[in-house]
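Chain by chain, the residues:
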Amino acid sequence: MDAVLALGISSFAAAAAFRARALTPAGAVAAALVGTAVIFGTGGGGAGMLAAFFVFSTLVGRLAVAHGKAVDPAGERRNARQVLANGAAAAAGALLERQTPGLGLWIVGGSLAAAAADTWATSIGAFSGTNPRHVLHWRRVPRGTSGGVSGMGTLAALAGAATVAVSGAFAGGGGSLLIAGIAIGFGGMLLDSLLGASVQGQFECPRCGVATERRLHRCGTRTRLVGGWKWLDNDGVNALSTGVAALAAGAWWACAR
């Protein structure tokens, strides 16, 4: 697809998402850039997977907010860091499609499936009737703890990955991309949980005593580091997970040829 047309389509979609309060102003700019790369590289197929990821992830996020289940309601409106953490790998991989047909489509599918799986696991898992278990030591932990997993969240991760994988299958990837997308997406969610449980910065509000991923708690109190690397936040973990998922998708495509 022509680059100018790709820019026009992605800018229109980003503007609509901004008006729907799904993106911040900077998030809309980042989304337009990501969308341009994906559409320019992979055409309608990549656009369909990107739409499947963004639309359904936004809906499940708003569902959690509407029922008071969201860990961080402010996060429902994605900023530029969140957009790039979830979409940069897909944008870079999509450009490979013009040199190696098929490869870019698979990379977009794998990376966005991982992003969707993590988003769905967090949003739908919040509806679980019991507190999640820590992915490393398997003890119950408070909701919102990095590395916490639940049965409901796990099933939601599979469903989230499937929304992107199904779109990729219809876009030309067929059954192979369907299977790969679900498997890689789910694996990306597990990697995200492992990184979140082990090396992501863990903070606690000294005023509320609540665990959080942010350096400033919603009550306005600056949090203190209680574990992990201070510089590695949730966006960094998401970027690493989607990047690994993109590499896995590329390797799977090469083996399946």
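Criteria and cut-off values
- Numbering of residues begins from 1 in every chain and follows the order in which that chain's sequence is written.
- Local features are withheld for residues below a pLDDT of 70 in this predicted model, meaning they are given only at 70 or higher, and side-chain atom pairs are given and counted only at 80 or more; totals for whole chains, interfaces and linings count all residues.
- Processing note: side-chain calculations cover all non-hydrogen atoms of the structure and skip hydrogens and water entirely.
- Only rings of Phe, Tyr and Trp enter the pairing, Trp through its six-membered ring, and a pair is recorded when the two centres are within 6.5 Å. The plane angle decides the type: under 30 degrees is stacked, over 60 is edge-to-face, the rest tilted.
- For the exposure calls, accessible area comes from a 1.4 Å probe over protein chains only, and a residue counts as buried if that area is under 20% of its type's maximum, exposed if over 50%, partly exposed in between.
- When the NZ atom of lysine or the CZ atom of arginine is within 6 Å of a ring's centre and also within 35 degrees of its normal, the charge is said to sit over that ring.
- A pocket here means an open set of points on a 1 Å grid, computed over the protein atoms alone, that has protein on both sides within 12 Å along at least five of seven lines. A cavity is instead a set of points where a 1.4 Å probe fits but cannot get out; residues with an atom within 4 Å of a point line either one.
- Grid points are joined across faces, edges and corners, and a volume is the space filled by probe spheres set on the points.
- For helices the rule is a DSSP run of H or I covering at least 4 residues; for strands it is a run of E covering at least 2, with both sets numbered from the N terminus onward.
- Throughout this entry, Asp, Glu, Lys and Arg are counted as charged residues, while Ala, Val, Leu, Ile, Met, Phe, Trp, Tyr, Cys and Pro are counted as nonpolar. The remaining residues, Gly among them, count as polar.
- Should any heavy atoms of two residues lie within 4.5 Å, those residues are considered in contact.
- The salt bridge definition used is simple: a Lys or Arg side-chain nitrogen within 4 Å of an Asp or Glu carboxyl oxygen.

Draft legend 1. A look at the packing of aromatic side chains. A full pass over the atoms with the stated rule returns 1 aromatic pair. Their ring planes at 15° and their centres at 5.4 Å tell us that W229 and W231 sit as a pair that is stacked. On the basis of relative accessible area, W229 is assigned to the partly exposed category, the value being 44%. The exposure class of W231 is exposed, given its relative accessible area of 62%. Across the ring face of F40, the terminal group of R98 is positioned such that the distance to the ring centre comes to 4.0 Å.

Draft legend 2. Structural view of the layout of surface pockets. There is about 430 Å³ of room inside the second largest pocket. Taken together, 21 residues make up the lining of the second largest pocket; nearest its centre are A13, A31, L50, A51 and F54. Contributing elements (two or more residues each) for the lining of the second largest pocket: helix 1 (3-19), helix 2 (25-66) and helix 3 (80-94). The element best represented in the lining of the second largest pocket is helix 2, accounting for 10 residues.

Draft legend 3. Quick look at empty space enclosed by the protein. In total, this model carries 1 cavity of 30 Å³ or more according to the counting rule given. When its volume is computed, the largest cavity comes out at roughly 40 Å³. As for the largest cavity, its lining consists of N86, A114, A115, D118, G188, M189, D192, N238, S241 and T242. Among the residues making up the lining of the largest cavity, the classes are represented as 3 nonpolar, 5 polar and 2 charged.

Draft legend 4. Here's a closer look at the side chain of S150. Here S150 lies in the loop between strand 2 (148-149) and helix 5 (151-198). Residues within four places of S150 in sequence aside, it is in contact with G125, S128 and P132.

Draft legend 5. Geometry of the pattern of salt bridges. The full count for this structure, using the stated rule, is 3 salt bridges. Between D235 and R81 there is a salt bridge whose closest N-O contact spans 3.3 Å. Within this pair, whereas D235 is found in helix 6 (residues 234-256), its partner R81 is found in helix 3, the two being separated by 154 residues in sequence. By relative accessible area, which is 47% here, R81 ends up partly exposed.

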